[in-house]
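The chain contents come next:
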Amino acid sequence: MGWVTPLGFDIDGVWNRMLAGERGMCPTALFDASTFPTSFSAQVKDFRLEDFLGPAAADHAFASRNSRFALAAATLAWKDAGFSELDRPDPANVGIYLGGGEGPLDFDQFAAAALAGCREECGELIPLDTVRWAKAALQLLRPKDELEQEPNLAGGHLAARFNAQGPNVNTLTACAASTQAIGEAMHIIRHGDADVMISGGTHSMIHPLGVTGFNRLTALSTRNDSCLTASRPFDRTRDGFVLGEGSGILILEELEHARGRGAKILAEVVGYGSTADAFRITDIHEDGRGGIAAMRAALKSAGHAPADIDYISAHGTGTEENDKIESLAIRQVFGDRAKHVAISSIKSMIGHLIAAAGAVELITCVLAIRDGVVPPTVNYQTPDPNCDLDYVPNQARKLKVRAALSNSFGFGGQNDTLIVRAFDRT
Amino acid sequence: MSADRRVVITGLGVASPIGLGADAFWEALLRNECGLKRIESFDPSGLPCTIAGELPPFSLGDFIPKAYRKSAKVMARDIIVAVVCAYHAARDARLNTKCLIERGEAADGPPVDSTRFGANIGAGLICADLSELAGALSTARGDDGAFSLKKWGTEGMTNLTPLWLLKFLPNMLACHVTIVHDAQAPSNTITCGEASSHLAIGEAFRTLARGDADVCICGGAESKTNPMAVARPALWGRLNVADNDRPDRASRPFAADRAGMVLAEGGGLVILESLNHAMARGARIYAELVGFGAASSATGESSLKDAHHGLSLALRKALSDAVTDPSEIDLVTPFGAGISEHDAAEMTAWNGVFGYRLSHVPAMTTRGAIGNNGAGAGAIDFIATVLALHRNTVPPSRNTQPPDPACRFQFVKDDPRDARIRQAISLGYALAGGQGAALVVRKFEE
């Protein structure tokens, strides 16, 4: 496993910071967001691809921020899996399945071209002159930066880096993408289409249009004066999510293939459910039917009952609607057990990594199983009667986790759930 | 994987520059029509390529329930194209989805079980509506006349509608389609450029085969006929900029004088069903989907050196998955970007896998007729392949003559040709990124 997060890059370092309740938010420095409704975010700091790839970083000189995060996280994961230049699997049987976001728009150039295409009158909406725009755009837009916005490019970079010639897929089911990617990667291995899958997600929407889009939707917290306590999943005073960025990558491997090379096995991916709300573009189904169906499908595919699940990594965005309906859905699926299962949202500490969120969260599930401890939901102060479950408030908790369930629900109603469990060596 | 369930194709939905609906598309293909012409939806004269394949006029209201019409304002063109395709696919399959029931167009029989009905719809990088966004950006000029981010943050951005972002998320194709037709089972959005449709159909095939759904609407759609979508590949040197005065001759896949691609809008969605489900409702079966293979050229962002390895591997995996080999394939459908080096790599891949056999099997490509509509291109190719197999007819492939000396494809000229087709294979690949995938279909035999 490997990740690039607002709390750092190494698995154990970031994990310990999460267990200590550290938070990665600060005023947005990637662009001047000082006048935006939301002027802070959870950014990845001090990131240099050379620190991970050495001179090979030059092979990816034009890579977008997304692709760079993915290259770094995958390099860490590849090493963690025990692969090296000398000991590597058959390229034809190594695949990639990412939930990779679109690369950040080259906003300055885009805006300059847009203004060049509009006449010079201020303060009013002026129709675009596409002929003027085109002349400016062809001068201003940079070909490589434009190419790197294609969402399948991160997978292309990884394939080149690891000579992965097997199935190569990118999904972009909004906030559910990397959970979906890992679930489908599991099926690719089960079906025999690959032995090893490099899977997870990568995304950065901390750019002017990304923040604009979420601000217009009023989905983001606007607590500009207290950014560290802004992300408040399940708390009654929650006012939206905090935008984060980063990447989480896991190496999935067919069991006999892993055994054959004596690999260290961290956990087993046993359950995956994918559904659609099929309700509204703007709202989650009020009964939580899509989330319920996704959790039930994952439990069924894992052959597990709710009683087998010790920990839930919630989608837990910190929006009014998500946290209420996710709690409702968990109550529906888990029944009497709902109040006794530990639930947390690490989005309280690292924000919402959008397409990459699910993969980073699944990594924390594996670490919870490994270490017998679950991360807290920080910034939890005021209980909400609509959210009446055990959210592991503010303090990490020692807990033997046999199996963990991770939820990701995308804008528009695509829902995915994964279940990982302690590997049973028998 | 002998325990897998059989999966069949029972519905085809197309939106293409030469026709909406599978029948109109097919008839136009047989007539060797071309859907490429000067762009009409905006003034393209500032761009080096001024031609593209735009859809014939239509009214979205004809494809959705009345109650859903207000949602049209949050649909980018890509989404509208997918919704049109979905209607045609459901109608063609006589599948009683929510949309057809609400429109009073359902066939006899019970409604489809929404909890067993999934969607897997490939999408592109949806370009923001440039007029809308540029107009809003232009309100945020600073004192120097240049764009001011500070001014944008305080007031400029309020000129965008609150739901602005939702128009352009690639997963909204699947979300709108699943809402309109009430498909609640596994739902995915694959975004791998021109490989998206093949990957989506292949993944849906696996989902149905293992029993996670009974019906799936799958394929892809994209609109590349907007200023940003034309400017971007123009910057990459992929467009044909020499034939603006003869659009019907501009897209020349595998031809010796090919000069770059021509963009288009369009899409294809197919209804896949488990064989049992299709039989139980007495569905018409076009063909059985029997093989899927995906691979990567592992060559990085845009290098085409060795790109053919990934395409060869995808073809081989699909053939192996179908437990067949080139000697049993009766029709091949290459992608045919019409770009010099891309077509060269694709020819190397097919020549390597099929060898001598390639000179003896009919081939078809739709690129000359409809151009490249990105994430939806593969689905249209797949649908054309299924129809050719179902009707034992190979349509002509426009503008493939004179062929590149390395080209062994046996394209049909001018008029369609009868051919007994039992198995066919279709290939799609991303022009950048290295992703490739192939699908094998077989005439249905109980």
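Everything numeric here is computed off the predicted structure, so don't read it as measured data.

Of regular secondary structure, chain A possesses 14 helices and 14 strands. Its C-alpha radius of gyration of 21 Å places chain A within 12% of the 22 Å reference for a compact globule of 426 residues. For chain A, the proportion of contacts with a sequence separation of at least 24, taken over those separated by at least 6, is 78%.

Quick look at the overall build of chain B now. Helix and strand counts for chain B stand at 13 helices and 16 strands. A compact globule built from 446 residues should have a C-alpha radius of gyration of about 22 Å, and chain B, at 21 Å, falls within 12% of that. Here the C-alpha coordinates of chain B stretch approximately 70 × 55 × 40 Å along the principal axes. Split into buried and exposed, the 446 residues of chain B put 67% on the buried side. Taking as baseline every contact in chain B between residues at least 6 positions apart, the subset at least 24 positions apart corresponds to 79%.

Let us now look at the domain arrangement of chain B. Residue and element names in this part refer to chain B. Each domain of chain B was delimited in the assignment, giving domain 1 (7-129 + 163-280), domain 2 (130-159) and domain 3 (291-442). Placing a centre on the C-alpha atoms of domain 1 and another on those of domain 3 gives a separation of 20 Å. Contacts between the two partners involve 58 residues from domain 1 and, on the opposite side, 56 residues from domain 3. At the level of secondary structure, the elements contributing two or more residues to the side of domain 1 that touches domain 3 comprise β1 (7-16), α1 (22-30), β4 (51-53), α7 (196-209), β7 (215-223) and β8 (265-274). Looking at which element gives the most residues to the side of domain 1 that touches domain 3, the answer is α7, with 7 residues. Grouping the constituent residues of the side of domain 1 that touches domain 3 by class yields 30 nonpolar, 19 polar and 9 charged.

Opposite the 81 residues of chain B that make contact, chain A presents 84 residues. When grouped by side-chain class, the residues that make up the side of chain B that touches chain A number 42 nonpolar, 31 polar and 8 charged.

With that out of the way, let us pick up the sheet that holds strand β8 (residues 268-276) of chain A. Residues and elements named next belong to chain A. Strand order in this open sheet of 5 strands is β8-β14-β13-β9-β10, and the pairing throughout is mixed. Only two strands of the sheet have a single partner each, and these edge strands are β8 and β10 (342-344). On average, each strand axis in the sheet is inclined to that of its neighbour by 15°, with strand direction left out of account. Strand direction decides the pairing type here: strand β9 (residues 311-313) and strand β13 (residues 403-409), joined by 3 bridges, are parallel. Each bridged residue has a counterpart across the sheet, and for Y311 the counterpart in β13 is A404.

The next subject is helix α4 (residues 107-117) of chain A. Taken together, the buried positions of α4 of chain A are F110, A111, A113, A114, L115, A116 and G117 of chain A. The elements touched by buried residues of α4 of chain A are α5 (130-140) of chain A together with α4 (130-137) of chain B.

Attention now goes to the sheet that holds strand β1 (residues 2-4) of chain A. All names here are of chain A. If you walk across this open sheet you meet the 5 strands as β1-β7-β6-β4-β5, and the pairing is mixed. Only two strands of the sheet have a single neighbouring strand rather than two, namely β1 and β5 (168-170). Direction aside, neighbouring strands of the sheet carry axes that sit 10° apart on average. Examined bridge by bridge, β1 and strand β7 (residues 245-253) share 3 bridges and lie antiparallel to one another. Counted as the bridge partner of W3 is G248 from β7.

So, how was this worked out
- Residues numbered from 1 in each chain as written.
- Chains lettered and ligands numbered in written order.
- Predicted model: local features only at pLDDT ≥ 70, side-chain atom pairs only at ≥ 80, totals over all residues.
- Helix = DSSP H or I, 4+ residues; strand = E, 2+ residues; numbered from the N terminus.
- Rg over C-alpha atoms; globule rule 2.2 N^0.38 Å.
- Contact = placed C-beta atoms within 7 Å.
- Buried ≥ 20, exposed ≤ 12 C-beta atoms within 10 Å, placed from the backbone.
- Domains from an automatic or database assignment.
- Nonpolar A, V, L, I, M, F, W, Y, C, P; charged D, E, K, R; others polar.
- Pairing = 2+ DSSP bridges.
- Axes fitted to C-alpha atoms, helices over the stretch in contact; angles between N-to-C directions.

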